[in-house]
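Fold and geometry: a report
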Amino acid sequence: MKRGPKGPSKYTEDYADQKADELLAYVDREPLPLLKGFASTQSLYHEVFTTALAPVSEKFSHALKIAKQIIEEKWVRALAGSKVPPAPGIFILKNISDMRDEHHVKSEHTERK
């Protein structure tokens, strides 16, 4: 068992590998999945994915990356297909992906003499 800062970690490689399979099944099954949604079905905090499971299992680390791509794609398609209202859909998509607004600021400076 891998040691954590407060003793042995309960998150073993076998446990993380099992959660990897369950995560991919969840994102495949749900029409609009979220990582927090999967975490709540497992009675876990979603932070456990990156802090405890991914470090002990290459399989979970890879599954997490794939799951994030699938989640983002499903939300983009739902938003483009008008299955989700635009404002909340865009807000959720920005929070689950690396998409950001681009701001262009035009400024005119004058010099003083």
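Let me sum up the structure you'll find in this document.

Rules behind the numbers
- Residues numbered from 1 in each chain as written.
- Predicted model: local features only at pLDDT ≥ 70, side-chain atom pairs only at ≥ 80, totals over all residues.
- Heavy atoms only, no water.
- Helix = DSSP H or I, 4+ residues; strand = E, 2+ residues; numbered from the N terminus.
- Buried < 20%, exposed > 50% of the residue type's maximum accessible area, 1.4 Å probe, protein only.
- 1 Å grid on protein atoms, 1.4 Å probe; cavity = no way out; pocket = protein on both sides within 12 Å on 5 of 7 lines; lining within 4 Å.
- Points joined across faces, edges and corners; volume = space filled by probe spheres on them.
- Nonpolar A, V, L, I, M, F, W, Y, C, P; charged D, E, K, R; others polar.
- Phe/Tyr/Trp six-rings, centres within 6.5 Å; stacked < 30°, edge-to-face > 60°.

This part covers the side chain of Lys19. Along the chain, the position of Lys19 falls in helix α1 (residues 13-29). On the basis of relative accessibility, which here comes to 7%, the residue Lys19 falls in the buried class.

Let us look at the layout of surface pockets. A water-sized probe, rolled over the atoms, reveals where empty space remains. For the largest pocket, the calculated volume is near 350 Å³. In terms of lining, the largest pocket is formed by 13 residues, of which the most central are Leu35, Lys36, His46, Asn95 and Ile96. Of all the elements in the fold, those that place two or more residues in the lining of the largest pocket are α2 (35-41), α3 (47-56), α4 (58-80) and α5 (86-96). A class-by-class count of the residues in the lining of the largest pocket yields 7 nonpolar, 3 polar and 3 charged.

Here the focus is the packing of aromatic side chains. Tallied over the entire structure, the rule returns 4 aromatic pairs. Each ring, one from Tyr26 and one from Phe38, has its centre 5.5 Å from the other, and the planes form 50 degrees; the classification is tilted. One end of the pair, Tyr26, is in helix α1; the other, Phe38, is in helix α2, and 12 residues separate them in sequence. The burial state of Tyr26 is the same as that of Phe38; both residues are buried. For the pair Phe38 and Phe49, a centre-to-centre distance of 5.7 Å together with 35 degrees between the ring planes defines the contact as tilted.

Read these as spatial facts, not as claims about activity.
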